[in-house]
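Examination of the molecular architecture
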Amino acid sequence: MLSEIKSLAETLAPRLIEIRRHFHAYPELSGQEQQTAAYVAGVLSSSGLHVQESVGKTGIVGELTGKGEDSRLLAIRTDMDALPIQERTQLEFASHCPGVMHACGHDIHTTVGLGTAMVLSQLSEKLPGNLRFLFQPAEEIAQGASWMVQDGVMRDVSAIFGLHVFPSIPARTVGIRYGALTAAADDLEIFIQGESGHGARPHEAIDAIWIASQVITSLQQAISRTQNPLRPIVLSIGQISGGRAPNVIADQVRMAGTVRSLHPDTHANLPEWIEGIVANICQTYGAKYEMNYRRGVPSVQNDLYLTKLVEDSCRAAWGNEQVQLIAEASLGAEDFSLYLEHAPGTMFRLGVGFKDRPNHPLHHPQFEADEAAITTGVVTLAYSAYQYWQHPPHA
Ligand code: NI
């Protein structure tokens, strides 16, 4: 099976590079992926998949029917949206859309998803179970997965695979991570209400700016003294405003930030823990406060069994040299985690780095990907999918 998958993927490679360059030249922002979605739907239909359009607003679902002796349904998710960045590469297929760029490699993801569907559609009589391909919109604004889930794409799904490109891993190499891959990312907003007064008579006022500074300092210190250092939290206040004049004590401050964490228990307790510190300080100095804590996407927690399955498939396909175990999670966020609330899954990192020149990071206007990665991604996903049904169900 592996050699059949590899030879089909190699035959398809020139066509997939063409598809990828088309996506790269015509990027679309989150929630506006109409042209990309129509293109995806066309390729899936002509490969014989059953296609549903406008799922999760601009998303696409493709169903591939296997032999049907195994009732487990496997989902493969890729994302389609680009970023509001002006491309500064010299590529001949650079973005035709001013201010919009595939700088996060979602053009590669979509292409790999299509390539996997094209390869497996030719081998469907050898697949014991059914496959559902999810082409998700709006990952960059952390909305698309929730739109897709609301439209029922996880119904009957027993496991899900995903991937993200990574420029610091060389092309033809796959990065495997057990456990936490990305962080939970929440939004925090705090208002502090003091009492205005003359700058020369602080004892007659309640200084909201000084109290805000105490809140920020205490939160940073409390992370180090009250939280398990092996379960990281990053709390960054990125906005602060308040005050009217240099000699007037401020009565109001608003601050807003992002809170990142990796461990689910830590994540669960964050709002209560933060509010406790804010409330104590405000009460001590006579201020009032209001706190808004908005849960963003949870942490991606890779299932151990499925991660091992993908790792073993990669080792079989590429040899040990081309498999990297990733030692550290990222504090970035990824809405793949929302699918994992409905079924276990795993996301791997697909190396797209060039070996012979410096690589720009994701979201950089000069980010480029080595297209050799497309075949690696297709074979990895297709062979892992096949292997999924060769193993007994896991608890
Ligand atoms: Ni991305």
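Conventions used here
- Residues numbered from 1 in each chain as written.
- Predicted model: local features only at pLDDT ≥ 70, side-chain atom pairs only at ≥ 80, totals over all residues.
- Heavy atoms only, no water.
- Helix = DSSP H or I, 4+ residues; strand = E, 2+ residues; numbered from the N terminus.
- Buried < 20%, exposed > 50% of the residue type's maximum accessible area, 1.4 Å probe, protein only.
- Contact = heavy atoms within 4.5 Å.
- Areas by Shrake-Rupley, 256 points an atom, 1.4 Å probe, with all protein chains shown as cover.
- Domains from an automatic or database assignment.
- Buried area = accessible area lost by both parts, 1.4 Å probe.
- Polar contact = N/O pair within 3.5 Å; in protein donor to acceptor, adjacent residues only side chain to side chain.
- Nonpolar A, V, L, I, M, F, W, Y, C, P; charged D, E, K, R; others polar.
- Donors = N, O, S within 2.8 Å, 3.2 Å for Na, K, Ca; no water.
- Pairing = 2+ DSSP bridges.
- Axes fitted to C-alpha atoms, helices over the stretch in contact; angles between N-to-C directions.

Regarding the overall build of the protein
- Along its length, the protein carries eight helices and 16 strands.
- For the protein, the spread of C-alpha atoms along the principal axes amounts to about 80 × 50 × 40 Å.
- Each of the 395 residues in the protein was classed as buried or not, and the buried ones make up 56%.
- Restricting to contacts in the protein with at least 6 residues of sequence separation, those with at least 24 account for 81%.
- For the protein, the exposed area adds up to about 17000 Å²; of that, 50% sits on carbon and sulfur atoms.

Digging into the domain arrangement of the protein
- For the protein, the assigned domains are domain 1 (2-181 + 300-388) and domain 2 (184-297).
- One C-alpha centre belongs to domain 1, the other to domain 2, and the line joining them spans 39 Å.
- Counting residues at the interface gives twelve residues for domain 1, matched by six residues for domain 2.
- When domain 1 packs against domain 2, close to 700 Å² is buried across both sides, 73% of that on carbon and sulfur atoms.
- The three residues of domain 1 that bury the most area against domain 2 are Gln 301, Leu 331 and Ala 333, which together make up 60% of that side's buried surface.
- Inspection of the region where domain 1 meets domain 2 yields two residue pairs in polar contact (both at pLDDT 80 or more).
- By residue class, the composition of the side of domain 1 that touches domain 2 is six nonpolar, four polar and two charged.

Let's talk about the coordination of the nickel ion
- Here the nickel ion is held by the protein donor atoms Cys 104 (SG), His 106 (NE2) and His 164 (NE2), which lie 2.1 to 2.3 Å from it.
- Cys 104 gets classed as buried once you look at its relative accessible area, which sits at 6%.

A short note on the sheet that holds strand S10 (residues 233-242)
- Read across the sheet, four strands follow the order S10-S12-S8-S13 without closing on themselves; strand pairing throughout is antiparallel. Edge positions in the sheet fall to S10 and strand S13 (288-294), since each of these pairs with one other strand and no more. Across the sheet, the axes of successive neighbouring strands diverge by a mean angle of 15°, strand direction being ignored.
- Note: strand S8 (residues 184-193) against S13, seven bridges, orientation antiparallel. For Leu 188, the partnering residue across the bridge sits in S13 and is Tyr 293.
- Contacts between helix H5 (residues 208-226) and the sheet are confined to S8, S10 and strand S12 (252-261), with S10 contributing the most and set at about 175° to the helix.
- Lying on the sheet, helix H6 (residues 264-284) is in contact with S8, S10, S12 and S13; it crosses S13 at an angle near 170°.

Some remarks on the pairing of strand S2 (residues 59-64)
- Along S2, six of the six residues are buried, which leaves the element largely enclosed by surrounding structure.
- In S2, alternate side chains face the same way, and those of Gly 59, Val 61 and Glu 63 on one face and Ile 60, Gly 62 and Leu 64 on the other are all buried.
- Here strand S1 (residues 50-55) folds back onto S2, and the loop between the two strands holds three residues, one of which, Gly 56, carries a positive phi near 60°.
- Of the strand pairs in this sheet, S2 and strand S4 (residues 130-136) are connected by five bridges, and their pairing is antiparallel. Looking at the pairing, Glu 63 lines up with Arg 132 of S4.

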